[in-house]
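Observations on the model geometry
Chain by chain, the residues run as shown.
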Amino acid sequence: MADLADLASHVWYGRDGIAAIARVALTPASLLYGVVMRMRDSLYDRQLLSSYVLALPALSVGNLTVGGTGKTPVSSWIARRMQALGARPAIVLRGYGDDEPLVHSLLSPGVTVVTDADRVRGVAEAASRGADVAVLDDAFQHRRARRDADVVLVSAEQARADARLLPAGPYREAPSALGRASLLVVTRKTASLEEAADAASRMARRARNVPAAIVALALDAVHAWPPGGDGSPLDALAGAAVLAVAAVGEPAAFFAQLAAAGADVAPAAFPDHHAFTRAEAESLARRAERAVRGDGAARVVCTLKDAVKLGPLWPDLAPPLWYVSQRVTVEAGGDALNAIVARVLAARSQLNDTTGAARPS
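Let me sum up the structure you'll find in this document. Computed from a prediction, not measured in an experiment: that's the story for all the values here. (Residues numbered from 1 in each chain as written. Predicted model: local features only at pLDDT ≥ 70, side-chain atom pairs only at ≥ 80, totals over all residues. Heavy atoms only, no water.)

Regarding the overall build of the chain
In terms of helices and strands, the chain carries 10 helices and 15 strands. With the C-alpha coordinates of the chain rotated into their principal frame, the extents come out at 65 × 50 × 40 Å. Among the 361 residues that make up the chain, the fraction classed as buried is 51%. Sequence-distant contacts, at least 24 apart, represent 74% of the contacts inside the chain between residues at least 6 apart. As displayed, the chain offers around 16,000 Å² of accessible surface, 54% of which is attributable to carbon and sulfur atoms. (Helix = DSSP H or I, 4+ residues; strand = E, 2+ residues; numbered from the N terminus. Buried < 20%, exposed > 50% of the residue type's maximum accessible area, 1.4 Å probe, protein only. Contact = heavy atoms within 4.5 Å. Areas by Shrake-Rupley, 256 points an atom, 1.4 Å probe, with all protein chains shown as cover.)

The following block contains the structure:
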């Protein structure tokens, strides 16, 4: 499975001849996929497919590409922001595997987390559990659910590549779909602020000049599994031999961030949302033991998204498992982001006795 993820990444972003040939060979399938998506959007635009008014005011956090934009940390950040402003938010998500709900629960204590592929039904469940506003994680393409705002994330690193639709590229929809967005957020991990600003400018023009913001997703602190207690500063990894494990949408960015912190990184990439087995956990532990230097400096470091799956499987006598938390920093467009959040929170005053029942629009 890791080989399949590496192959897809190479086809989508590779600059060599083999990758170029693969993209050309997959272009007919991408064209067909694009036709299907445009037909589907047209049916929703003309109201030939029904969308439903949700039981709660809702803000969607989505993207155009397959993974790697930071939907989970940004969704949790927005939910915590709403909570700080006095709301009772719920995060509603499809829930690929068990990792995303667990990560949201750890990132956003006290925030209701509802897992349901049907966002209409999920928001109704959130309302029944006392929430008064919903954050929909990864719902930009879920047009059946009508929401009050659409925040669409674009990775500055991915924006460097051509916008090719699946399967020749990572795009679920063409950039022109950004015209449906309320706010464009460019996220950056390894890209510079200048590169992110350039991506925001280019994408905003495609999005009919909707407001744009820039958010940095930086590695914060290193924590031992299981969670609890204070973490160590990221610079604790400087000079350490690190077996870096990542089953995320853009593992190369995670590895690059660790290397930038001074770690000597041995990468172990898996497909996004990979469900680790006990055998894989034991194999990674053995690999880490072989990597231990004489000074015992080797560490196994993963993302929080991977730690919630690997941690329960980690062998007792293996080197400790560590994970890195992520810090969300709004670098530009903060006023636009705050305005979107305020607009959705203001919609709570319009709730009436029909709350809890989804209605066709």
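Focus on the environment of A139
You can see A139 is positioned in the loop between β5 (133-137) and β6 (145-146). For the pair A139 and S60, spaced 79 residues apart in sequence, the C-alpha to C-alpha distance is 5.8 Å. If we skip the residues at most four places from it in the chain, A139 touches S60, V61, G62, R119 and R147.

Things to note about the side chain of S30
With respect to the helices and strands, the residue S30 is situated in helix α2 (residues 17-45). Using a relative accessible area of 7% as the deciding quantity, one classes S30 as buried. Setting aside residues up to four positions removed in sequence, S30 forms contacts with L165, L166, P167 and A168.

A few points about the packing of aromatic side chains
In the structure shown here, the tally under the stated rule is 4 aromatic pairs. Centroid distance W225 to Y323: 6.2 Å. Interplanar angle 70 degrees. Geometry classified as edge-to-face. Here the residue W225 occupies a position in the loop between β9 (212-224) and β10 (232-233), and Y323 occupies one in strand β14 (residues 321-332), the gap between them amounting to 98 residues. Taking 5.0 Å as the distance between ring centres and 70 degrees as the angle between the ring planes, the aromatic pair formed by F270 and F276 counts as edge-to-face. Both residues of the pair, F270 and F276, count as buried. The ring of F140 carries R180 above its face, with NZ or CZ at 4.2 Å from the centroid. Above the ring of W322, the side-chain terminus of R299 is found at 4.2 Å from the ring centroid. (Phe/Tyr/Trp six-rings, centres within 6.5 Å; stacked < 30°, edge-to-face > 60°. Lys NZ or Arg CZ within 6 Å of the ring centre and 35° of its normal.)

Things to note about the pairing of strand β11 (residues 241-246)
For β11, the tally of buried residues reaches 6 of 6 residues, placing the bulk of the element in the interior. On β11, burial covers both faces: A241, L243 and V245 on one face and V242, A244 and A246 on the other are all buried. Examined bridge by bridge, β11 and strand β12 (residues 264-269) share 6 bridges and lie parallel to one another. Within the sheet, the bridge partner assigned to A241 lies in β12 and is D264. (Pairing = 2+ DSSP bridges.)

As for the environment of H142
In this fold, H142 is placed in the loop between β5 and β6. Ignoring sequence-local partners within four residues, the contact set of H142 consists of R40, A117, D118, R119 and R147. In this structure the side chain of H142 is engaged in a polar contact, spanning 3.5 Å, whose partner is the side chain of R119. (Polar contact = N/O pair within 3.5 Å; in protein donor to acceptor, adjacent residues only side chain to side chain.)

Examining the pattern of salt bridges
For the coordinates displayed, the defined rule picks out 18 salt bridges. Ionic pairing is found between D99 and K309, a salt bridge with its closest N-O pair at 3.8 Å. With a gap of 210 residues between them, D99 in helix α4 (residues 99-107) and K309 in helix α9 (residues 304-310) connect regions that are remote in the sequence. Residue classification places K309 among the buried positions, given a relative accessible area of 13%. Several salt bridges share partner residues, and in doing so they unite R40, D41, D45, R143, E173 and R180 into one network. (Salt bridge = Lys/Arg side-chain N within 4 Å of Asp/Glu carboxyl O.)

Overview of the nonpolar core
Of all hydrophobic cores here, the largest spans 28 residues; its most connected members are L59, V61, I78, M82, V135, V151 and V185. Among the secondary structure elements, those contributing two or more residues to this core are β2 (58-63), α3 (71-84), β3 (89-93), β5, β7 (149-155), β8 (183-188), β9 and α10 (334-346). Those residues within four positions of V151 in sequence are excluded, and the remaining contacts are L59, S60, V61, G62, L183, V185 and I340. (Core = buried A, V, L, I, M, F, W, Y, C linked by side-chain atoms within 4.5 Å.)

Quick word on a nonpolar patch on the surface
A contiguous nonpolar patch, built from L43, L48 and L49 and spanning about 240 Å² of accessible area, is present on the exposed surface. Structurally, the position occupied by L49 is in the loop between α2 and β1 (52-53). (Patch = residues over 30% accessible without salt bridge, like charges linked within 9 Å, V, L, I, M, F, W, Y side chains within 5 Å.)

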